[in-house]
Every structure is written in C-alpha cells, then in structure tokens.
Amino acid sequence: AQKVRDRYLDEWVRGSGSKRDRDFVERGISLGIDITQPRRIMVISIDSTLPCTAPGEAQRQIEAAEKKIKQYVLRNPNNQIFRTTNKTFLIVARRSNEEMYALAEQICTLVQNAFPVRLTIGIDSGGDNDIIMHTAYNKALKAWKASLGGTKQIVLYDEINMEIFMEEVPSLLKEEYLHK
C-alpha cells in the first residue's frame, strides 16, 4: 500500500501537473490524499557527518534520520511524505514562508541533535496561488540546489538571488549578451 501511495505522490508532484482530472483526484482520495487542497512542498537531503571510513554506519544513521523525519511530519495526517533515491519530499498544508521555515528549523534541530547528519532543505515559493505541485516541486528543488552550494542550510525559493538563476543560462548565451 505504501508503494502505491508513494507512486501516486511522485506522479502528482513530479509529473507534468496536467493530471488533475477527476479520475486522478478520486484515485488520490481513495489513497487518503486530497490533492485539491492548497499545499506547500519542501525538499530535504541528508548527509552523514561521520568520517568516510564508516560508510555502513553512516547509511544506518541516515536511514534512522529519515525515519525520524517521517514520524515527525506524519503526526499531522494531512501531511504527505515520499522519497526518491537521495531526497525526501514533504507535502504540507498551505502556510506562510515563516511557518515553512520554522518547520524546517524544527526538523533540522530534531534530527541533527539525534544523529551525526546535516540536512539540506529547499522550500517552494509562498507566493504561488496555483495548486500545480509540479511548479512548486521545481521551485523547491531550485531552492534545495541553492542550499547545496551556499552557506545556508535552509533556503526559501523566494529568497534566491538572480545569481542562482544565472547558472541556468547557457554560457554561450551569456557571452553573446556581453558582446552586444
């Protein structure tokens, strides 16, 4: 049953966003997932702070940290969580950027005080009024990528500077612009 839920969540969040027909909505409801409610998304990755000499123990610590995040987040039955190979996706009820940031801080504190790990978190845009999760997912992923390369452990999409987006512009196009 969990794999079916995870596949549905993955399709909802990472799919094109066009799958919002009645059948898709009803399939979600049958799984206990109401996709018609406005949501926010957070992307989390967990890295071990243990020395490379203990890869097995590091992996056990990461898995335990993932389990703790899942238990904490699912205390609220309206929240959803699913994983890919190296990322965890939290889907929560619509809330402000401040509330999303506070939730991310709570998760960091909870997990990093219990395990030798470091979390990297990206949060979607709070200004979105649409309910297309694919758009929110892409924004959370961009924020997560920004947190990987920066000094901040938690990054809100709405705080990303233009410099981050400059890496998405092909260098040939940048050179062409400079030579105008």
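In what follows, the accompanying structure is described. Computed from a prediction, not measured in an experiment: that's the story for all the values here.

### Re the side chain of Thr84
Within the secondary structure layout, Thr84 lies in the loop between strand S2 (80-83) and strand S3 (88-93). With residues near it in sequence (within four places) discarded, Thr84 still touches Asp10, Arg14 and Phe89.

### Some words on the nonpolar core
By size, the foremost hydrophobic cluster in this structure holds 24 residues, and its most contacted members are Met42, Ile44, Ile69, Ile107, Leu119 and Ile121. Sorting the residues of this core by element identifies strand S1 (39-48), helix H3 (55-73), S3, helix H4 (97-112), strand S4 (117-123) and strand S5 (154-156) as the ones contributing at least two each. The element best represented in this core is H4, accounting for six residues. Residues within four places of Ile44 in sequence aside, it is in contact with Ile69, Asn86, Lys87, Thr88, Leu90, Ile107, Leu119, Thr120, Ile121 and Trp144. By size, the runner-up hydrophobic cluster in this structure holds 19 residues, among which are Tyr8, Leu9, Ile35 and Tyr137.

### What to know about the sheet that holds S4
Backbone-to-backbone hydrogen bonds join strands into a sheet, with any given pair of strands oriented parallel or antiparallel. The sheet built from five strands is open, its strands ordered S2-S3-S1-S4-S5 with mixed pairing. Taken across any chain shown, the strands that pair with only one partner, and hence form the sheet edges, are S2 and S5. Each adjacent strand pair in this sheet contributes to an overall mean axis angle of 15 degrees, direction not counted. Inspection of the sheet shows S1 paired to S3 by six bridges, in the antiparallel sense. By the bridge assignment for S3, Arg39 is matched with Ala93. Helix H1 (residues 2-14) contacts S1, S2 and S3 of the sheet and is inclined by roughly 95 degrees relative to S2. Set on the sheet, H3 makes contact with S1, S2, S3 and S4; between it and S1 the angle comes to about 160 degrees.

### Points about the packing of aromatic side chains
All told, the structure shown has three aromatic pairs when counted by the stated rule. Pairing Tyr8 with Phe24 gives two aromatic rings, centres 4.5 Å apart and planes at 20 degrees, and the pair type is stacked. Remark: Phe24 occurs in helix H2 (residues 22-30) and Tyr8 occurs in helix H1; sequence separation between them is 16 residues. Classification of Tyr8 as buried rests on a relative accessible area of 1%. Residue class for Phe24 comes out buried when judged on its relative accessible area of 3%. Here the aromatic rings of Phe82 and Phe89 are separated by 4.8 Å at their centres, their planes lie at 15 degrees, and the arrangement is stacked. Considered together, Phe82 and Phe89 belong to a single accessibility category, that of buried residues. A network of ring pairs unites the aromatic residues Phe82, Phe89 and Tyr137 as a single cluster.

Criteria and thresholds
Residues numbered from 1 in each chain as written. Predicted model: local features only at pLDDT ≥ 70, side-chain atom pairs only at ≥ 80, totals over all residues. Heavy atoms only, no water. Helix = DSSP H or I, 4+ residues; strand = E, 2+ residues; numbered from the N terminus. Contact = heavy atoms within 4.5 Å. Core = buried A, V, L, I, M, F, W, Y, C linked by side-chain atoms within 4.5 Å. Buried < 20%, exposed > 50% of the residue type's maximum accessible area, 1.4 Å probe, protein only. Pairing = 2+ DSSP bridges. Axes fitted to C-alpha atoms, helices over the stretch in contact; angles between N-to-C directions. Phe/Tyr/Trp six-rings, centres within 6.5 Å; stacked < 30°, edge-to-face > 60°.

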